[in-house]
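Architecture at a glance
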Amino acid sequence: MNFNAEQFSATHQANLTAAAGLSQKAFAGFERLVELNMAAGKAAVGETFSGMQALMTAKSPQDLLAVQAALIQPAFEKSVSYGRHLADIANSTGAEFTKAVEGKMAESEKAVKSLVESSLKNAPAGSDAAVAAFKTAFEASQTATEALKKVAKQAADSAEANLKSVSAQAEASVKAAMAKAKIKA
C-alpha cells in the first residue's frame, strides 16, 4: 500500500481536529473548576463574616461554644459538597478525554490493521509461511492490547470505587464525631 500525500494530509487534519477537540474539553473542564472555586470563595467570604458576627454576639462561653458548634455542621456539609463537585468535574472531564482517546486509538488500530492486511496481500510469492507467522503475531498483539485495555479499565473503575468508599466512610466518621460533640454540648 502506498501512502500518498492526500492520505498524509487527511491524517494530519484528523489529528489536528482531535487535538483541537481535546483542547476544548480541557478548557471546558478548567472553566467549570474556576467557576466552582469562584462560587466557593465568594460563599466562604460571606459566611466567614456572618460567622464572625454571630461569634461576636455570644455573651457567655456556653453561647460561644453553641455558635461554634452551629457553624461547624454547615461548613462540613459545604466542604463535602465542594469535594463532590470537584470529583464530578474531574470524572466527567476524564471520561470525555478517555472517550476521545479510545476513539482515536480504535481509528488508528483500524488503519494499522488495514495497512498490514493490504501489505500482506501484496507479499511476494513463496512467503506464505512468513505471512502466516506475521498474521499470528499481529493477532496476538491485538489480543494482548485488548486484554491490557480491559485490565486498565478495571483498575480505574476499582480505584474510583475505592475513592468513593473511602470518602463515604470519612464523611460518616465525621458526622458521627459531630453528633457525639453535639450530645456532649
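Going by the structure above, here's the rest.
Now for a look at the structure at hand. None of the values given here were measured: they were computed from a predicted structure.

**Topic: the packing of helix 1 (residues 5-56) against helix 2 (residues 61-121)**
Between helix 1 and helix 2, whose axes approach to 10 Å, the crossing angle comes to 180°. With respect to each other, helix 1 and helix 2 are oriented roughly antiparallel. For the contact of helix 1 with helix 2, the class distribution of residues is 17 nonpolar, eight polar and seven charged.

**Some remarks on helix 1**
Between the first and last C-alpha of helix 1 there are 76 Å, a value that for 52 residues agrees with the 76 Å anticipated at 1.5 Å per step. Turning to helix 1, its buried residues are Gly29, Leu36 and Gly51. Each element contacted by the buried residues of helix 1 is listed here: helix 2.

**Description of helix 2**
An α-helix turns once per 3.6 residues; consequently, residues spaced three or four apart project the same way. When the terminal C-alpha atoms of helix 2 are compared, their 88 Å separation across 61 residues agrees well with the 90 Å that a helix rising 1.5 Å per residue should span. Of the residues making up helix 2, those classed as buried are Val67, Gln73, Phe76, Val80, Ile89, Thr93, Glu109, Val116 and Leu120.

**Thoughts on the side chain of Thr93**
In this fold, Thr93 is placed in helix 2. Overall, the relative accessible area of 15% leaves Thr93 in the buried class. Beyond its immediate chain neighbours, meaning those up to four positions away, Thr93 contacts Lys25 and Gly29.

**Concerning the side chain of Gln73**
Locating Gln73 in the fold gives a position in helix 2. Take Gln73: its relative accessible area is 17%, and that puts it in the buried class. A distance of 2.6 Å separates the side chain of Gln73 from the side chain of Glu77, its partner in a polar contact.

Parameters and conventions
Residues numbered from 1 in each chain as written. Predicted model: local features only at pLDDT ≥ 70, side-chain atom pairs only at ≥ 80, totals over all residues. Heavy atoms only, no water. Axes fitted to C-alpha atoms, helices over the stretch in contact; angles between N-to-C directions. Helix = DSSP H or I, 4+ residues; strand = E, 2+ residues; numbered from the N terminus. Parallel < 35°, antiparallel > 145°, perpendicular 65-115°, else oblique. Nonpolar A, V, L, I, M, F, W, Y, C, P; charged D, E, K, R; others polar. Expected span 1.5 Å × (residues − 1). Buried < 20%, exposed > 50% of the residue type's maximum accessible area, 1.4 Å probe, protein only. Contact = heavy atoms within 4.5 Å. Polar contact = N/O pair within 3.5 Å; in protein donor to acceptor, adjacent residues only side chain to side chain.

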